[in-house]
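Listed below are the residues making up each chain.
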Amino acid sequence: MEKNYVTKIFLIDDDEMYSTIMKTSLEQNDLYDVHTFSSGEKFFNHIHENPDVVIIDYNLPGMSGIEILKKIREYNPDTATVVLSGQDKLEVVVEAYNNGANNYLIKKENVIVELKHCIKNLSINSSLRKEVQEQLRPTTHGWHNIRTPNFVTQEQVEYKPDARRYEAGSHNLLGIVGLRAGLELLQEIGVDAVSKDLL
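None of the values given here were measured: they were computed from a predicted structure.

A. The overall build of the protein, seen in detail. For the protein, the count of helices and strands is 6 helices and 9 strands. The 199 residues of the protein split such that 40% are buried. Surface accessibility of the protein: about 11300 Å² in total, with carbon and sulfur atoms responsible for 49%.

Here is the structure:
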């Protein structure tokens, strides 16, 4: 049975009514846990809760949306970010992407529809990462049986604590996660060396 992961979403917007509409709309999906903040300062008081996705209004009092993006990137570059803005100037869009934004959405009539689609894609990526981390976590006996999600074909991976490496057969463990992303993920969770058979 496929495991469903809850996506924790933090929304930063000083417009209380707008935030409420966004929160209500997103939480129509039972797997979205949405928390709202009226400023970057209030958001950073809770960043240790490690949200999966952060939605940021570009124009905020105090700390700007770009400043928030930079600080999130420094704290945890794996946190997905979406910028909402009334600005459609190319230089503003480029600035947001250069500072780590995954998506930039213009505040217009259909922005909620676009945001839902965007969050759906980001939550899929977040769930994949969580599943890989869980399945590559070594057990007390040094073995972890992989449940074989759609992006992992290897049935069993052997973990050698002394060598801090995983070994497997000739199947492609990285699958659609991609070689570079997969290797980076393995390093993040503490695997210093990967058997060539995994590649």
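Alright, that's what it looks like, and here's the rest.
B. View of the packing of helix 1 (residues 16-26) against helix 5 (residues 111-135). At a minimum axis distance of 11 Å, the contact between helix 1 and helix 5 shows a crossing angle of 50°. Relative to helix 5, the element helix 1 is oriented oblique. Here the hand of the crossing between helix 1 and helix 5 comes out right-handed. Within the contact between the two elements, helix 1 uses Tyr18, Ile21, Met22, Ser25 and Leu26 and helix 5 uses Val111, Ile112, Leu115, Lys116 and Ile119. Across the contact of helix 1 with helix 5, the residue classes break down as 8 nonpolar, 1 polar and 1 charged.

C. View of unusual backbone geometry. In this structure, Asn50 is a non-glycine residue whose phi angle is positive, near 55°. Considering the arrangement of structural elements, one finds Asn50 in the loop between helix 2 (40-44) and strand 3 (53-57). Given a relative accessible area of 42%, Asn50 falls into the partly exposed group.

D. Inspection of the pairing of strand 3 at higher detail. Taking burial as the measure, the 5 residues of strand 3 include 5 buried ones, the bulk of the element. Note: strand 3 against strand 4 (residues 80-85), 5 bridges, orientation parallel. Residue pairing in the sheet places Val53 in a bridge with Ala80 of strand 4.

E. Summary view of the packing of aromatic side chains. Enumeration over the complete set of coordinates arrives at 4 aromatic pairs. Taking 4.7 Å as the distance between ring centres and 65° as the angle between the ring planes, the aromatic pair formed by Phe43 and Phe44 counts as edge-to-face. With relative accessibility at 0%, the residue Phe43 sits in the buried group. Site record: aromatic cluster; members linked through ring pairs are Phe10, Phe37, Phe43 and Phe44. If you follow Lys107 out to its NZ or CZ, it ends over the ring of Tyr18, 4.5 Å from the centre.

F. Seen up close, helix 1. Here helix 1 has its buried residues at Ser19, Met22, Ser25 and Leu26. The buried side chains of helix 1 occupy one side of the element, clustering within an arc of 135° when seen end-on. In helix 1, the exposed residues that point more than 90 degrees away from the buried face are Glu16, Met17 and Thr24. Measuring from the backbone nitrogen of Met17 back to the side-chain oxygen at the start of helix 1 gives 3.2 Å, which picks out Asp15 as the cap.

G. Quick look at the environment of Gly62. Relative to the assigned elements, Gly62 resides in the loop between strand 3 and helix 3 (65-75). Owing to a relative accessible area of 68%, Gly62 belongs among the exposed residues under this scheme. For the pair formed by Gly62 and Glu41, sequence separation is 21 residues and the distance between their alpha carbons is 8.0 Å. Contact partners of Gly62, with chain neighbours within four places excluded, come to Glu41 and Glu67.

H. Local environment of the nonpolar core. Formed by 20 residues in total, the largest nonpolar core has its most connected members in Phe43, Ile56 and Ile68. Elements that contribute at least two residues to this core include exactly strand 1 (7-12), strand 3, helix 3 and helix 4 (90-98). A total of 4 residues in this core trace back to one element, the largest contributor, which is helix 3. Non-local contacts of Phe43, meaning those with residues more than four positions away in its chain, are made with Phe10, Ile12, Phe37, Pro51, Val54, Ile68 and Ile72. Counting 17 residues, the second largest nonpolar core, distinct from the first, contains Val82, Val111, Cys118 and Leu122.

About the criteria used
Here the residue index of a chain counts from 1 through its sequence in written order. For a predicted model such as this one, the threshold for reporting local features is a pLDDT of at least 70, and the threshold for listing and counting side-chain atom pairs is 80 or more; totals across whole chains, interfaces and linings nevertheless cover every residue. Hydrogen atoms and water are omitted, and side-chain values are computed over all heavy atoms in the structure. For helices the rule is a DSSP run of H or I covering at least 4 residues; for strands it is a run of E covering at least 2, with both sets numbered from the N terminus onward. For each residue, the accessible area found with a 1.4 Å probe, counting protein chains only, is set against the maximum for its type, and the residue is called buried under 20%, exposed over 50%, and partly exposed in between. Only the protein chains shown count as cover for residues, and all accessible areas are computed by the Shrake-Rupley method using a 1.4 Å probe. The axes are straight lines fitted to the C-alpha atoms, using for helices just the contacting stretch, and the angles between their N-to-C directions are given from 0 to 180°. An angle below 35 degrees is treated as roughly parallel, one above 145 as roughly antiparallel, one from 65 to 115 as roughly perpendicular, and anything else as oblique. Should the near helix be turned counterclockwise from the far one by less than a right angle, the crossing is left-handed, whereas a clockwise turn marks it as right-handed. Contacts were defined at the residue level, with two residues in contact if any of their heavy atoms lie within 4.5 Å. Under the grouping applied here, Gly and all other residues not named as nonpolar or charged are polar, the nonpolar ones being Ala, Val, Leu, Ile, Met, Phe, Trp, Tyr, Cys and Pro and the charged ones Asp, Glu, Lys and Arg. The pairing criterion is simple: DSSP has to find at least two bridges between the two strands. Only centres within 6.5 Å qualify two rings of Phe, Tyr or Trp (six-membered ring in Trp) as a pair; their planes then separate them into stacked at under 30 degrees, edge-to-face at over 60, and tilted for everything else. By definition, being over a ring means that NZ of Lys or CZ of Arg is both within 6 Å of the ring centre and within 35 degrees of the ring normal. The directions considered for the arc are those from the helix axis to the C-beta atoms. Polar contact criterion, stated in full: a pair of N or O atoms within 3.5 Å, where within protein one must be able to donate a hydrogen and the other to accept it, and residues adjacent in sequence count only if both atoms are side-chain atoms. By nonpolar core we mean a set of buried residues, namely Ala, Val, Leu, Ile, Met, Phe, Trp, Tyr and Cys, connected to one another through side-chain atoms within 4.5 Å.

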